[in-house]
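The lines below spell out each chain.
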Amino acid sequence: MSSYSPLFDPEKDGPVYVRDLAHARERARAVHAEKGRANIHDRDEMIGAAYSLAHVLAGLLDALDAEEGRTP
């Protein structure tokens, strides 16, 4: 069994603070565009892209939940 660190651990990581759905959508698009240019053959760039995209996805999901009146 190998040791690893997950991108997201629900027991340690709480909800991402997002002002509103429009902001979360704008941020997700910006990060997606930026990280889409990362070099797929560069391990560090891929780790950074994965982390950034996971973070904005969590924020987008939290914003959607808030929009629907659900607690993230």
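What this report covers is the structure whose coordinates are included nearby. (Residues numbered from 1 in each chain as written. Predicted model: local features only at pLDDT ≥ 70, side-chain atom pairs only at ≥ 80, totals over all residues. Heavy atoms only, no water.)

## Regarding the overall build of the chain
Then step 1. Along its length, the chain carries two helices and zero strands.
Then step 2. In the chain, which comprises 72 residues, the share counted as buried stands at 17%.
Then step 3. By sequence separation, contacts in the chain at least 24 residues apart represent 59% of the contacts at least 6 residues apart.
Then step 4. As presented, the chain carries roughly 6,000 Å² of accessible surface, and 53% of it is formed by carbon and sulfur atoms. (Helix = DSSP H or I, 4+ residues; strand = E, 2+ residues; numbered from the N terminus. Buried < 20%, exposed > 50% of the residue type's maximum accessible area, 1.4 Å probe, protein only. Contact = heavy atoms within 4.5 Å. Areas by Shrake-Rupley, 256 points an atom, 1.4 Å probe, with all protein chains shown as cover.)

## Some words on helix 2 (residues 43-67)
Every α-helical turn comprises 3.6 residues, leaving residues that sit three or four positions apart pointing alike.
Then step 1. For helix 2, spanning 25 residues, the distance from its first C-alpha to its last is 36 Å, which sits close to the expected 36 Å at 1.5 Å a residue.
Then step 2. Every buried residue of helix 2 is listed here: Ala49, Val56, Ala58, Gly59, Asp62, Ala63 and Asp65.
Then step 3. The inward-facing, buried residues of helix 2 abut helix 1 (21-35).
Then step 4. The backbone nitrogen of Asp44 lies 3.0 Å from a side-chain oxygen of the residue at the head of helix 2, namely Asp42. (Expected span 1.5 Å × (residues − 1). Polar contact = N/O pair within 3.5 Å; in protein donor to acceptor, adjacent residues only side chain to side chain.)

## Re the pattern of salt bridges
Then step 1. Using the criterion set out here, one finds four salt bridges in the structure.
Then step 2. Salt-bridge contacts for Asp65 lead to Arg70; the nearest nitrogen and oxygen are separated by 3.9 Å.
Then step 3. Among the residues examined, Arg70 registers a relative accessible area of 48% and is labelled partly exposed.
Then step 4. Residue Glu68 is joined to Arg70 by a salt bridge in which the shortest nitrogen-to-oxygen separation is 2.2 Å. (Salt bridge = Lys/Arg side-chain N within 4 Å of Asp/Glu carboxyl O.)

## Focus: a nonpolar patch on the surface
Then step 1. A contiguous nonpolar surface patch, about 340 Å² in accessible area, is contributed by Leu7, Phe8 and Tyr51.
Then step 2. Relative to the elements of secondary structure, Tyr51 occurs in helix 2. (Patch = residues over 30% accessible without salt bridge, like charges linked within 9 Å, V, L, I, M, F, W, Y side chains within 5 Å.)

## Concerning the packing of helix 1 against helix 2
Then step 1. Remark: helix 1 packs on helix 2, axes separated minimally by 9 Å, with the N-to-C direction vectors making an angle of 160°. Here helix 2 runs roughly antiparallel to helix 1, going by the angle between their axes. By crossing handedness, the relation of helix 1 to helix 2 is classed as left-handed. Residue-level contacts link Leu21, Ala24, Arg25, Arg27, Ala28, Val31, His32 and Lys35 of helix 1 to Gly48, Ala49, Ser52, Leu53, Val56, Gly59, Leu60, Ala63, Leu64 and Glu67 of helix 2.
Then step 2. Looking at the contact of helix 1 with helix 2 residue by residue, the classes come out as 10 nonpolar, four polar and four charged. (Axes fitted to C-alpha atoms, helices over the stretch in contact; angles between N-to-C directions. Parallel < 35°, antiparallel > 145°, perpendicular 65-115°, else oblique. Left-handed = near helix turned anticlockwise from the far one by under 90°. Nonpolar A, V, L, I, M, F, W, Y, C, P; charged D, E, K, R; others polar.)

The values are spatial; any link to function lies outside them.
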